[in-house]
Amino acid sequence: GALVLDAILCARSIGYAIPFTQAMTYVPSINFIMIMPISVGGIGVREGSFMFFLSRIAHLMPEEAGFTVGVLYGISAYLISLLGGIALLTAGRRK
């Protein structure tokens with residue numbers, strides 16, 4: 001749910017809309033492809049998967065926009081993880 005919403009918001013931030021039903025189909029597939037041991041952290045695979053699914057399969061946006069959604073999706077995942085790591089580190093100091 002949250003990852004699907006993240007992808008929808010990343011696309012909306014660059015001016016494209018991904019219908020919720022299509023996002024529910026493609027984003028889990030993209031995440032599954034990302035966890036395969038093809039590259040470090042899914043970098044490159046994520047962007048290529050977003051390009052393929054959103055541009056070639058769904059025809060929702062040009063390939064450049066699909067690539068950009070993949071980059072934004074990765075950046076948002078890293079930022080959310082960073083915030084969680086900071087919260088974890090600071091929670092340990094309070095005890």
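Let me begin by describing the structure that accompanies this report.

1. Observations regarding the overall build of the chain
Line of reasoning, step 1. When you go through the chain residue by residue, the secondary structure sums to four helices and zero strands.
Line of reasoning, step 2. For the chain, the succession of helices and strands along the chain, N to C, is α-α-α-α.
Line of reasoning, step 3. Reported as C-alpha extents along the three principal axes, the dimensions of the chain are approximately 50 × 30 × 20 Å.
Line of reasoning, step 4. Burial status across the chain gives 33% buried among its 95 residues.
Line of reasoning, step 5. Relative to all contacts within the chain whose residues are 6 or more apart in sequence, the contacts with residues 24 or more apart total 52%.
Line of reasoning, step 6. On the chain, roughly 6000 Å² of surface is accessible, and the fraction owed to carbon and sulfur atoms is 72%.
Line of reasoning, step 7. Across the chain, 6 positive and 4 negative side-chain charges occur, with their mean positions spaced 19 Å apart.

2. Some remarks on the nonpolar core
Line of reasoning, step 1. Ile18, Phe50, Leu54, Met61, Val69 and Tyr73 are the most contacted members of the largest nonpolar core, which totals 19 residues.
Line of reasoning, step 2. Contributions of two or more residues to this core are made by helix H1 (2-13), helix H2 (20-34), helix H3 (45-57) and helix H4 (63-93).
Line of reasoning, step 3. The contacts of leucine 54, once residues within four sequence positions are left out, are Ile18, Tyr26, His59, Leu60, Met61 and Val69.

3. Topic: the packing of aromatic side chains
Line of reasoning, step 1. For the structure on display, the rule yields three aromatic pairs.
Line of reasoning, step 2. Taken together, a centroid distance of 5.0 Å and an interplanar angle of 55 degrees make the contact between phenylalanine 50 and tyrosine 73 tilted. Residue phenylalanine 50 is found in helix H3, and its partner tyrosine 73 is found in helix H4; the two are separated by 23 residues along the sequence.
Line of reasoning, step 3. In this structure phenylalanine 50 comes out as buried when scored by relative accessible area, which is 1%.
Line of reasoning, step 4. Arranged with centres 5.5 Å apart and planes meeting at 75 degrees, the rings of phenylalanine 52 and phenylalanine 53 form a pair that is edge-to-face.
Line of reasoning, step 5. A relative accessible area of 14% places phenylalanine 53 in the buried class.

4. Things to note about the packing of H1 against H2
Line of reasoning, step 1. For the pair H1 and H2, interaxial distance at closest approach is 9 Å and the crossing angle is 110 degrees. In terms of orientation, H1 lies roughly perpendicular with respect to H2. Contact residues: Leu3, Val4, Ala7 and Ile8 in H1; Phe20, Ala23, Met24, Val27 and Asn31 in H2.
Line of reasoning, step 2. A breakdown of the residues in the contact of H1 with H2 according to their chemical character gives eight nonpolar, one polar and no charged.

5. A few points about a nonpolar patch on the surface
Line of reasoning, step 1. On the surface, a nonpolar cluster with roughly 490 Å² of combined accessible area is contributed by Ile75, Leu79, Leu82, Leu83 and Ile86.
Line of reasoning, step 2. Residue isoleucine 75 is classed as partly exposed on the basis of its relative accessible area of 43%.

Definitions and cut-offs
- Residues numbered from 1 in each chain as written.
- Predicted model: local features only at pLDDT ≥ 70, side-chain atom pairs only at ≥ 80, totals over all residues.
- Heavy atoms only, no water.
- Helix = DSSP H or I, 4+ residues; strand = E, 2+ residues; numbered from the N terminus.
- Buried < 20%, exposed > 50% of the residue type's maximum accessible area, 1.4 Å probe, protein only.
- Contact = heavy atoms within 4.5 Å.
- Areas by Shrake-Rupley, 256 points an atom, 1.4 Å probe, with all protein chains shown as cover.
- Lys, Arg positive; Asp, Glu negative; His and termini not counted.
- Charge placed at Lys NZ, Arg CZ, Asp CG, Glu CD.
- Core = buried A, V, L, I, M, F, W, Y, C linked by side-chain atoms within 4.5 Å.
- Phe/Tyr/Trp six-rings, centres within 6.5 Å; stacked < 30°, edge-to-face > 60°.
- Axes fitted to C-alpha atoms, helices over the stretch in contact; angles between N-to-C directions.
- Parallel < 35°, antiparallel > 145°, perpendicular 65-115°, else oblique.
- Nonpolar A, V, L, I, M, F, W, Y, C, P; charged D, E, K, R; others polar.
- Patch = residues over 30% accessible without salt bridge, like charges linked within 9 Å, V, L, I, M, F, W, Y side chains within 5 Å.
- Salt bridge = Lys/Arg side-chain N within 4 Å of Asp/Glu carboxyl O.

None of this, on its own, says anything about what the molecule does.
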